[in-house]
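# Structural characterization, general
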Amino acid sequence: MDPVQEIKSRLDVADIVGEYLPLKPSGTGTFKANCPFHNERTPSFFVSRPRQSWHCFGCDEGGDIFSFVQRMEGFGFREALEFLAGKAGVTLPEFEHKPEYNSKQRLYEVNDLARRFYRSTLETSQDAEIARAYVEKRGVDTLTADLFSLGYAPDEWSAFADYAKTKGVTDAELIQAGLANKREKGSGVYDRFRGRLMFPIWDVQGHVIGFTARILTDAKDQPKYVNTPETPAYKKSAVLYGLDKAKGAIRQEDMAVIVEGNMNVVGSHQYDVQNVVASSGTALTGEQLFLIKRFTTNIAIAFDQDSAGVAATLRGLDLARSQDFTIKVILLPPEAGKDPDEAVRKDPQLWRDAIKNAIPIMEWVYRMGFRAGSPSTPEGKKEIVKMILPEISRIADAVERDHWMRRLAKDLDTSLGALEEVLQKQEKVKKYNTPLPSTEEGEAPRIIPEDPELAWIHAQEERILAMCLCFKQNPDILLQECDWNTPSFEKNDLLQLYRALVTAYTQSRQESPSNIATGIRPPATLAPEETKT
């Protein structure tokens, strides 16, 4: 039997949809719910058990279990096929003999074994008292700790490695999964994570792919956090912590709230703010944005608001802004505390209101700009313009860009023309004077593009000198005959050649290029032997 048909024969559409939505009976073999794909108050989403299909009469979406899972999970068809095959216990023969697929699956299994080991250790081991005390201090309840499978890595050299070997896991697999390191002396491995609170990291499909481990002591000689290294299963730039649990709420709310730090995600979910995920750092990568775009194009971000944080946040969102995401910035009120976790534990409504009242990113930039300087002094105006104007230039829509230009001119009591002049200069500097990335060793040097106006002038100057050499004529006479002005020769080597030609032809000497070259001082960067002609 075809795998698709076999999966359909084993799974019931009402059971699958019921895992995502609270279905209510609506006739024989029919169920209804509020549609997850658009906002509505009266249910128009229906599931038919006899037809094994679903349909929404509000947005006219519909299909079978595969299309439903694709929409809900953001999967392609192959991903949905694998996902449902796992639920149905159907083997997909086309994947059986792919080594890379089997290798990644094995890493998922090893990581999940580690997750269960660390979780059990936190719950039952006497040595984990320090971790349990920390979790309790942070206000994490048992249900939430279980949802995120918080664990504890024993403060021993090979506690997990020894346990994993009893389950048939090899040293090579532990190293490949990033759970152990090879001993420098002798054979065997030792645990990468020791004496730390463990946060398992899941991919969007729900596979355990790695861990973040937090130190529980005040040791200054150890990093606060240790992460799984890059592995075939885990790529830091392609992961958002908590997305596997938040994706449904993100689609429902049509917004992804992005924070820094795993505990901000854990605390938010505990208090039923579930569309929250965490990135590692302020820069959102292309892979992360691709994941978010499966569920929404609206982002609300809650990062540090200090001066360094402002710059980092803006640069980290450049890619998102270029991909038509609607971006807002969440501002925590002073009474909320230093981060979302603290805010939600003081009062969940503080955090919900902060998300609800998030402001568009350009409004946030505008406010931060006016904090940078005083609009009543020339120096203050320059600081404000320096921060705000480059961000206005990034706005793609001309009408919106004009709105902010006029608002800035009004609030600074300056002319629109003055701002446009500054903007043109900034664009020119940005386009031609931005240093290119340094080259890797062995690569050919990269050439910085020249201003087109200067390039044209230099080309004309070179052509004039070439004509002088070709016709063996004094450059001044040639310029007079052609009714050209004497060039400024900003390039020193062209100026030296021009002077040498004038001197040579004024003295009525027939000069060859090699003779003229002897009168030109070579660049100082050349070694003496390189200057010989």
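Residues numbered from 1 in each chain as written. Predicted model: local features only at pLDDT ≥ 70, side-chain atom pairs only at ≥ 80, totals over all residues. Heavy atoms only, no water.

### Description of the overall build of the protein chain
Scanning the protein chain from terminus to terminus reveals 24 helices and 16 strands. The buried share of the protein chain, reckoned over its 533 residues, is 42%. Sequence-distant contacts, at least 24 apart, represent 58% of the contacts inside the protein chain between residues at least 6 apart. When the accessible surface of the protein chain is summed, it comes to about 29200 Å², and 51% of that surface belongs to carbon and sulfur atoms. (Helix = DSSP H or I, 4+ residues; strand = E, 2+ residues; numbered from the N terminus. Buried < 20%, exposed > 50% of the residue type's maximum accessible area, 1.4 Å probe, protein only. Contact = heavy atoms within 4.5 Å. Areas by Shrake-Rupley, 256 points an atom, 1.4 Å probe, with all protein chains shown as cover.)

### A word on the nonpolar core
Membership of the largest hydrophobic core comes to 61 residues, with the highest contact counts inside it found for Tyr118, Phe160, Leu174, Leu179, Phe193, Ile330 and Trp351. Residue contacts for Leu179: discarding those within four places in its chain leaves Val110, Asn111, Ala114, Tyr118, Phe160, Leu174, Asp191, Arg192, Phe193 and Phe211. With 42 residues, the next largest nonpolar core counts Leu317, Val365, Ile395 and Leu419 among its residues. (Core = buried A, V, L, I, M, F, W, Y, C linked by side-chain atoms within 4.5 Å.)

### Brief notes about the sheet that holds strand E12 (residues 256-260)
Across the sheet, five strands lie side by side as E13-E12-E14-E15-E16; this open sheet has mixed pairing. At either margin of the open sheet sits one strand with a lone partner, and together these are strand E13 (276-279) and strand E16 (359-360). As judged from the four bridges shared by strand E14 (residues 298-302) and strand E15 (residues 326-329), these two strands associate in the parallel manner. For Ala300, the partnering residue across the bridge sits in E15 and is Lys328. (Pairing = 2+ DSSP bridges.)

### Considering the pairing of strand E4 (residues 53-56)
Alternating residues of E4 divide into Trp54 and Cys56, all buried, and Ser53 and His55, none buried. Pairing between strand E3 (residues 45-48) and E4: four bridges, direction antiparallel. For Ser48, the partnering residue across the bridge sits in E4 and is Ser53. Between E3 and E4, which pair antiparallel and follow one another directly, the connecting turn spans four residues, one of which, Gln52, has a positive phi of 55°. Pairing between E4 and strand E5 (residues 62-63): two bridges, direction antiparallel. Opposite Trp54, over in E5, you have Gly63 as the bridge partner. The hairpin turn running from E4 into E5, its antiparallel successor, is five residues long, and Asp60 in that turn takes a positive phi close to 65°.

### Comments concerning a negative patch on the surface
Residues Asp127, Asp155, Glu156 and Asp162 make up a contiguous surface patch of negative charge. Within the element layout of this structure, Asp155 appears in the loop between strand E6 (151-153) and helix H8 (159-166). (Patch = residues over 30% accessible without salt bridge, like charges linked within 9 Å, V, L, I, M, F, W, Y side chains within 5 Å. Salt bridge = Lys/Arg side-chain N within 4 Å of Asp/Glu carboxyl O. Lys, Arg positive; Asp, Glu negative; His and termini not counted. Charge placed at Lys NZ, Arg CZ, Asp CG, Glu CD.)

### Re helix H1 (residues 3-10)
Within the span of H1, buried status applies to Pro3, Val4 and Ile7. Down the axis, H1 shows its buried residues gathered within 105° of arc, on one side only. Packed against the buried residues of H1 are helix H3 (65-73) and helix H4 (77-88). Where H1 begins, the capping side chain belongs to Asp2, and its oxygen is found 3.1 Å from the backbone nitrogen of Val4. (Arc of directions from axis to C-beta. Polar contact = N/O pair within 3.5 Å; in protein donor to acceptor, adjacent residues only side chain to side chain.)

### Looking at the sheet that holds strand E9 (residues 196-202)
Judged by pairing direction, the sheet is antiparallel, and its four strands sit side by side in the order E6-E9-E10-E11 without closing on themselves. Here the strands that pair on one side only, and so sit at the sheet edges, are E6 and strand E11 (225-227). Averaged over all pairs of adjacent strands, the angle between their axes in this sheet comes to 35°, without regard to strand direction. As paired elements, E9 and strand E10 (residues 208-215) share seven bridges and run antiparallel to each other. Paired with Phe199 across the strands is Thr212, a residue of E10. Contacting E6, E9 and E10, helix H6 (residues 129-137) runs over the sheet at an angle of about 65° to E9. (Axes fitted to C-alpha atoms, helices over the stretch in contact; angles between N-to-C directions.)

### A closer look at the confidence of the model for the protein chain
Within the protein chain, residue pLDDT values average 84, and 82% of them lie at 70 or more. Per-element confidence in the protein chain is highest for E6, whose mean pLDDT is 98, and lowest for helix H24 (residues 513-517), whose mean pLDDT is 50. Residue range residues 438-450 is modelled with pLDDT below 50. Its contacts to residues more than four positions away, or to other chains, number 14 contacts. In this model, residues 516-533 is a region of pLDDT below 50 whose contacts with residues beyond four sequence positions or in other chains number eleven contacts. (pLDDT = per-residue confidence, 0-100.)

### A look at the pattern of salt bridges
What the rule picks out here adds up to 32 salt bridges. Between Glu123 and Arg119 there is a salt bridge, with its nearest N and O atoms 3.4 Å apart. Taken together, the positions of Glu123 and Arg119, both in helix H5 (residues 99-124) and four residues apart, correspond to about one turn of that helix. For Glu123, a relative accessible area of 46% translates into the label partly exposed. One continuous salt-bridge network, built from bridges that share partners, spans Asp318, Arg321, Glu391 and Arg394.

### What about the packing of helix H18 (residues 378-393) against helix H19 (residues 398-412)?
Viewed as axis vectors pointing N to C, H18 and H19 meet at an angle of 175°, and their least axial separation amounts to 10 Å. One finds that H18 runs roughly antiparallel with respect to H19. Facing Lys381, Ile384, Val385, Ile388, Leu389, Ile392 and Ser393 of H18, the residues of H19 in contact are Arg401, Trp404, Met405, Leu408 and Leu412. Residue classes in the contact of H18 with H19 are distributed as nine nonpolar, one polar and two charged. (Parallel < 35°, antiparallel > 145°, perpendicular 65-115°, else oblique. Nonpolar A, V, L, I, M, F, W, Y, C, P; charged D, E, K, R; others polar.)

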